[in-house]
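Structure at a glance
Here's the letter readout for the chains.
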Amino acid sequence: MRLRLYEFGINNTGKIGIIGKSIRNLAGSDAAGMLNIAEGKEDSNYTKNSTKLLNINDNNLYDYKNGEIKKFKKHIENKVQEQFKDFGYNLNEIEGRIYHDNSAPIKRIKNDDSFKEALIKNKDKILNGENFTTRFKKKSPLKTSNLHNAFGSVDFLNSGMDNDGNLHLYMFDTYDFNANEGPLIEAGRRQMLKGNLKGNFSIHDIVLTKDELDKIWNKK
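What you see as residue numbers is a count from 1 along each chain, following the sequence as written. With the structure being a predicted model, the display of local features is reserved for residues of pLDDT at least 70 and the display and counting of side-chain atom pairs for 80 or more, all residues being used for whole-chain, interface and lining totals. Where side-chain values are given, they derive from all heavy atoms of the structure, hydrogens and water being excluded.

A few words on the overall build of the protein chain. Within the protein chain, the regular secondary structure consists of eleven helices and six strands. Looking at the protein chain residue by residue over its 220 residues, the buried ones come to 52%. Partitioning the contacts of the protein chain with sequence separation of at least 6, the portion at a separation of at least 24 is 68%. Comment: elements are numbered from the N terminus, with helices defined as DSSP H or I runs of at least four residues and strands as E runs of at least two. Whether a residue is buried, partly exposed or exposed follows from its accessible area with a 1.4 Å probe, protein chains only, as a fraction of its type maximum: under 20%, in between, or over 50%, in that order. The contact definition used throughout considers only heavy atoms, calling two residues in contact when any of these lie within 4.5 Å.

Printed below as a string of structure tokens:
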């Protein structure tokens, strides 16, 4: 939903300061990649194996995988509208991106402990075809909290199991800054209001094989 460590580098002149730039790598690959996109400086290495979307009505979104995401259209529209209502955006100008199931960001998500814990906690919802929300946890001071810094709280849109028992989830998130969440979040919010950071949305196409699911759900 928003960057975290980078807010230390946003100074009161409305610029992304030296500190913010210098700690990108310390904050993690996805946190840095998402910030670059918000600044209009996307890294092609980060966005490899993804599809860029012009807005929430882009045909590339709803034609993806034979229209598999179309059933979530109302949820996506409502979330984007709600999260960006304070920033004066034209909804048709809010860009997005679908990260494919073979992309590096999804490999990191699938290996993350918070993600695996969410799968265990929400097993009943998953089996019932329901969506669920979770938050990537902050790790210890000695470990990079990459996904926590990049996303925070996210929605998992559940497309169910295929005939081979593989689970199809779409992790959906908006890159924005909520009001009244402390001075650091407020610093990022000011930059977005000024146009120094541009809000966007992302969808990560996560496929978990039956074997991968069994290992997570049957872990002792």
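Attention now goes to helix H11 (residues 210-217). Structurally, the α-helix is built with 3.6 residues per turn, so residues lying three or four positions apart point the same way. Listing the buried residues of H11 in full gives Leu213, Ile216 and Trp217. Taken down its axis, H11 places every buried residue within 90° of arc, on the same side. Seen from the buried face of H11, the exposed residues on the opposite side, beyond 90 degrees, are Asp211 and Lys215. Packing partners of the buried residues in H11 comprise helix H7 (113-121), helix H8 (123-127), strand E4 (153-161), strand E5 (167-175) and strand E6 (200-208). As used here, the arc belongs to the directions running from the helix axis to the C-beta atoms.

In this section: the confidence of the model for the protein chain. On a scale of 0 to 100, pLDDT captures the predictor's confidence in every residue. Per-residue confidence for the protein chain averages 86 on the pLDDT scale, and 84% of its residues sit at or above 70. Within the model, pLDDT remains below 50 along residues 1-23, and this stretch shows 69 contacts once partners closer than five positions in the same chain are excluded.

Checked against the element boundaries, Ile76 lands in helix H5 (residues 73-83). Through-space distance from the C-alpha of Ile76 to that of Thr174 is 9.5 Å; in sequence the pair is 98 residues apart. When near neighbours in sequence (up to four residues on either side) are disregarded, Ile76 contacts Ile56, Tyr62, Ile69, Leu157, Phe172 and Ile203.

Generally, phi is negative for residues other than glycine and the peptide bonds are trans, each holding for most cases. For Lys65, which is not glycine, the phi torsion reads 50° and is therefore positive. For Lys65, the location among the structural elements is in the loop between helix H4 (59-62) and H5. Residue Lys65 is classed as partly exposed on the basis of its relative accessible area, which comes to 32%.

In this section: the nonpolar core. Within this scheme, the nonpolar core is defined by two criteria: the residues are buried Ala, Val, Leu, Ile, Met, Phe, Trp, Tyr or Cys, and they are joined through side-chain atoms within 4.5 Å. Of all hydrophobic cores here, the largest spans 52 residues; its most connected members are Ile69, Ile76, Phe115, Leu119, Leu169, Ile203 and Ile206. Ranked by residues supplied to this core, first place goes to E5 with six residues.

Attention now goes to the packing of aromatic side chains. Paired rings are identified among Phe, Tyr and Trp, the last through its six-membered ring, by centres lying within 6.5 Å, and are further divided according to the angle between planes into stacked (under 30 degrees), edge-to-face (over 60) and tilted (the rest). The tally for this structure, following the rule as stated, stands at eleven aromatic pairs. On the basis of an interplanar angle of 40° and a centroid distance of 5.6 Å, the ring pair of Phe115 and Phe156 is categorised as tilted. With Phe115 in helix H7 and Phe156 in strand E4, the pair connects residues that are 41 residues apart, well separated along the chain. Across this residue pair, the class does not change: Phe115 and Phe156 are buried.

Attention shifts here to the pattern of salt bridges. We define a salt bridge as a contact between a side-chain nitrogen of Lys or Arg and a carboxyl oxygen of Asp or Glu at a distance within 4 Å. In the structure shown here, the tally under the stated rule is eleven salt bridges. Salt-bridge contacts for Asp155 lead to Lys79; the nearest nitrogen and oxygen are separated by 2.8 Å. Residue Asp155 is located in strand E4, and its partner Lys79 is located in helix H5; the two are separated by 76 residues in the primary sequence. What makes Asp155 buried here is its relative accessible area of 6%. In this structure, Glu212 and Lys110 form a salt bridge, with 3.2 Å as the shortest nitrogen-oxygen distance. One end of the pair, Glu212, is in helix H11; the other, Lys110, is in helix H6 (residues 104-110), and 102 residues separate them in sequence. Its relative accessible area of 28% is what places Glu212 among the partly exposed residues. For Lys110, a relative accessible area of 19% puts it in the buried group.

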